[in-house]
Amino acid sequence: MTRAFTGTYRGVSSAERREDRRRRLLDAALAIVGTQGLAALTVRGVCEQAKVGPRFFYEAFPDLDALAAELLLEVQRSALDRARTAIAETEGSPAERIRAGVAALITELTDDPRRAKIVFAQAYGNEALMRTRFAGMRTVAATIIEQTRIVLDLPEGQETAVAATSQLITGGAAELVLVWLDGGLDVDRDGLIDLLADFTIAMIDRLPEVAGRLNGTA
């Protein structure tokens with residue numbers, strides 16, 4: 001009676017067991033999608049790898065698209081959190097702080113190549129993942145706006161310029177990383193980080209000029 005009432009079994013609550021199964025399903029999805037591609041993800045396969053029964057899969061996720069989308073969102077959040085922390089903890093010039101944020105973001109995504117593949121390569125062709133990827137890119141752009149204002153203390157009246165610049169940085173960086181992952185860019189990861197940081201800094205440095213044009217003052 002006590003076990004049924006508390007939902008606790010061998011000292012572990014039912015909520016903890018659900019979270020453990022959810023975690024194992026996400027880890028299994030990362031292993032499958034990150035090495036074999038999204039087409040290889042099946043309910044049977046992910047359940048076997050996670051050692052979770054199909055009934056518990058559907059307790060955690062309505063379908064495979066929801067599982068893949070949650071995995072992508074988790075990877076995106078982790079990378080952004082690491083970038084924010086790096087910027088906050090870095091002392092020095094705005095360029096040094098921006099470079100630290102870019103390095104942290106790319107390092108987080110590429111330390112495990114499976115994570116990079118999910119963010120940059122596996123979303124194409126899947127509507128649910130594309131929606132999540134676009135939402136993630138908007139979040140990255142919003143983070144660039146947020147961090148740019150913190151780092152540079154920009155004056156008012158540059159909202160449109162900042163928004164446009166953040167979208168260009170986000171889209172351009174994503175495509176460059178995708179090319180790099182595919183072997184189309186002959187640089188190591190440090191070289192990639194330098195390219196992305198230089199690009200980001202150059203774009204942000206031009207914000208006053210872009211804002212002046214948009215506001216008709218330049």
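Residues numbered from 1 in each chain as written. Predicted model: local features only at pLDDT ≥ 70, side-chain atom pairs only at ≥ 80, totals over all residues. Heavy atoms only, no water.

Going by the annotation in an unreviewed UniProt entry, the name recorded for the protein chain is TetR family transcriptional regulator, with Nocardia bhagyanarayanae given as the source organism.

### Quick notes on the overall build of the protein chain
Inclusion rule: Strands are runs of DSSP state E lasting at least two residues, helices are runs of H or I lasting at least four, and both sets are numbered from the N terminus onward. Burial classification: accessible surface area is computed with a 1.4 Å probe over protein chains only, and a residue below 20% of its type maximum counts as buried, one above 50% as exposed, and the rest as partly exposed. Each accessible area value is a Shrake-Rupley result obtained with a 1.4 Å probe; residue values ignore everything except the protein chains displayed when judging cover.
Scanning the protein chain for helices and strands turns up 11 helices and two strands. Secondary structure elements of the protein chain occur, N-terminal to C-terminal, as α-β-β-α-α-α-α-α-α-α-α-α-α. When burial is assessed residue by residue, the protein chain has 41% of its 218 residues classed as buried. Per element, the accessible surface of the protein chain, about 11,900 Å² overall, is 54% carbon and sulfur.

### What about the UniProt feature "DNA-binding region" (unreviewed entry) in the protein chain?
Operational definition: UniProt positions are given in the numbering used here, feature names are shortened, and annotations may be inferred rather than shown by experiment.
Cross-referencing UniProt, the feature "DNA-binding region" (unreviewed entry) maps to residues 42-61 in the present numbering. Measuring from the first to the last C-alpha atom of residues 42-61 gives 13 Å, for a span that is 75% helix and 0% strand.

### A look at the packing of aromatic side chains
Selection rule: To pair, rings of Phe, Tyr and Trp, with the six-membered ring standing in for Trp, must have centres within 6.5 Å; the planes then decide the type, stacked if under 30 degrees apart, edge-to-face if over 60, and tilted in the middle.
Taken as a whole and judged by the stated rule, the model has two aromatic pairs. An angle of 85° between the planes, with centres 5.0 Å apart, marks the rings of F57 and Y58 as edge-to-face. Judged by relative accessible area, which is 49%, Y58 ranks as partly exposed. Ring plane angle 45° and centroid distance 6.2 Å describe the contact between F57 and F61, whose orientation is recorded as tilted. There is no split in this pair, since F57 and F61 are both buried. Among the aromatic side chains, those forming a connected cluster through ring pairs are F57, Y58 and F61.

### Some remarks on the nonpolar core
Inclusion rule: Nine residue types can take part in a nonpolar core, namely buried Ala, Val, Leu, Ile, Met, Phe, Trp, Tyr and Cys, and a core is a set of them joined through side-chain atoms within 4.5 Å. All domain edges in this entry derive from an automatic or database-based domain assignment. Any pair of residues with heavy atoms lying within 4.5 Å of one another is described as a contacting pair.
If you look at the biggest cluster of nonpolar residues, it comprises 52 residues, and the most contacted ones within it are L25, L41, V46, F57 and L67. Two domains each donate at least three residues to this core, and these are domain 1 (14-61) and domain 2 (69-215). Ignoring any residue separated from it by four or fewer positions in sequence, one finds F57 in contact with L25, V43, V46, C47, V52, D63, L64 and L67.

### Let's talk about the environment of G212
Structurally, the position occupied by G212 is in helix 11 (residues 207-214). Judged by its relative accessible area of 6%, G212 is buried. The spacing of G212 and A161 is 51 residues in sequence and 8.8 Å in space, taken between C-alpha atoms.

### Some thoughts on the environment of D81
Here D81 shows up in helix 5 (residues 64-89). Residues D81 and G101, spaced 20 residues apart in sequence, show a C-alpha to C-alpha distance of 9.8 Å.

### So, empty space enclosed by the protein
Over the atoms, a rolled probe matching the size of one water molecule traces out where space is still vacant. Definition in use: Buriedness for pockets is judged along seven lines, at least five of which must meet protein on both sides within 12 Å for an open set on the 1 Å grid over protein atoms alone, while cavities are sets there where a 1.4 Å probe fits but cannot get out, and lining residues have an atom within 4 Å of a point. Grid points are joined across faces, edges and corners, and a volume is the space filled by probe spheres set on the points. The nonpolar class holds Ala, Val, Leu, Ile, Met, Phe, Trp, Tyr, Cys and Pro. Asp, Glu, Lys and Arg form the charged class, and all remaining residues, Gly among them, are polar.
Applying the stated criterion across every chain, the model contains two cavities of 30 Å³ or more. There is about 550 Å³ of room inside the largest cavity. Lining the largest cavity are 31 residues, and of these L80, L105, V140, I144 and T170 lie nearest its centre. At nine residues, the largest contribution of residues to the lining of the largest cavity is made by helix 8 (residues 127-152). Counted as a void, the second largest cavity has a volume near 40 Å³. As for the second largest cavity, its lining consists of V33, L38, A68, L71, I118 and L129. Tallied by class, the residues present in the lining of the second largest cavity amount to six nonpolar, no polar and no charged.

### A look at the packing of helix 5 against helix 6 (residues 94-110)
Convention followed: Each axis is a line fitted through C-alpha atoms, taken for helices only over the stretch in contact, and angles between the N-to-C directions span 0 to 180 degrees. Working rule for angles: under 35 degrees goes down as roughly parallel, over 145 as roughly antiparallel, 65 to 115 as roughly perpendicular, anything else as oblique. Two helices that cross are described as forming a left-handed crossing if the nearer one is turned anticlockwise from the farther one by less than a right angle, and a right-handed crossing if clockwise.
Following both chains from N to C, one finds helix 5 and helix 6 inclined at 150°, their axes separated by 8 Å at the closest point. With respect to each other, helix 5 and helix 6 are oriented roughly antiparallel. As helix 5 runs across helix 6, the sense of the crossing is right-handed. Between helix 5, through V75, S78, A79, L80, R82, A83, A86, I87 and A88, and helix 6, the contact on the second element is made entirely by R97, A100, G101, A104, L105, T107, E108 and L109. Residue classes in the contact of helix 5 with helix 6 are distributed as 11 nonpolar, three polar and three charged.

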